[in-house]
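Chain residues, written in single-letter form:
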Amino acid sequence: MEEYKIKSSIIDSVSYYGRIMFVKLKNEKLLSYNSVPQNLFEEFIKAEAHDDFYTKRIISAFPSRRMA
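Caption draft 1: View of the environment of Tyr-54. Tracing the sequence through the fold places Tyr-54 in helix α2 (residues 50–59). Judged by its relative accessible area of 2%, Tyr-54 falls in the buried class. Considering only alpha carbons, one finds Tyr-54 and Ile-10, 44 residues apart in sequence, at a separation of 9.9 Å. Among residues more than four places away in sequence, those in contact with Tyr-54 are Ile-10, Ile-11, Val-23, Leu-25, Leu-31, Tyr-33, Phe-44 and Ile-59.

Here you go:
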């Protein structure tokens, strides 16, 4: 599982494994999002505005679970 650092004011890094997207926030919280399609994850890491994409396409569409 590869971790991707992204340019964001709230997110430190993201990773993806088995349709689960992991988001490590700058405040050290780790969240998981189940059933995220791989193509959506790939769009996210390539997005120019990561915060907007995260808010509009991830948070609003997938429930999160706090991991740490």
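Caption draft 2: Representation of the side chain of His-50 in the model. The topology assignment puts His-50 in helix α2. For His-50, a relative accessible area of 7% gives the class buried. A polar atom in the side chain of His-50 sits 3.3 Å from the backbone oxygen of Phe-44. In this structure His-50 touches Ile-6, Lys-7, Ser-8, Phe-44 and Ile-45, once residues within four positions along its chain are discounted.

Analysis parameters
- Residues numbered from 1 in each chain as written.
- Predicted model: local features only at pLDDT ≥ 70, side-chain atom pairs only at ≥ 80, totals over all residues.
- Heavy atoms only, no water.
- Helix = DSSP H or I, 4+ residues; strand = E, 2+ residues; numbered from the N terminus.
- Buried < 20%, exposed > 50% of the residue type's maximum accessible area, 1.4 Å probe, protein only.
- Contact = heavy atoms within 4.5 Å.
- Polar contact = N/O pair within 3.5 Å; in protein donor to acceptor, adjacent residues only side chain to side chain.

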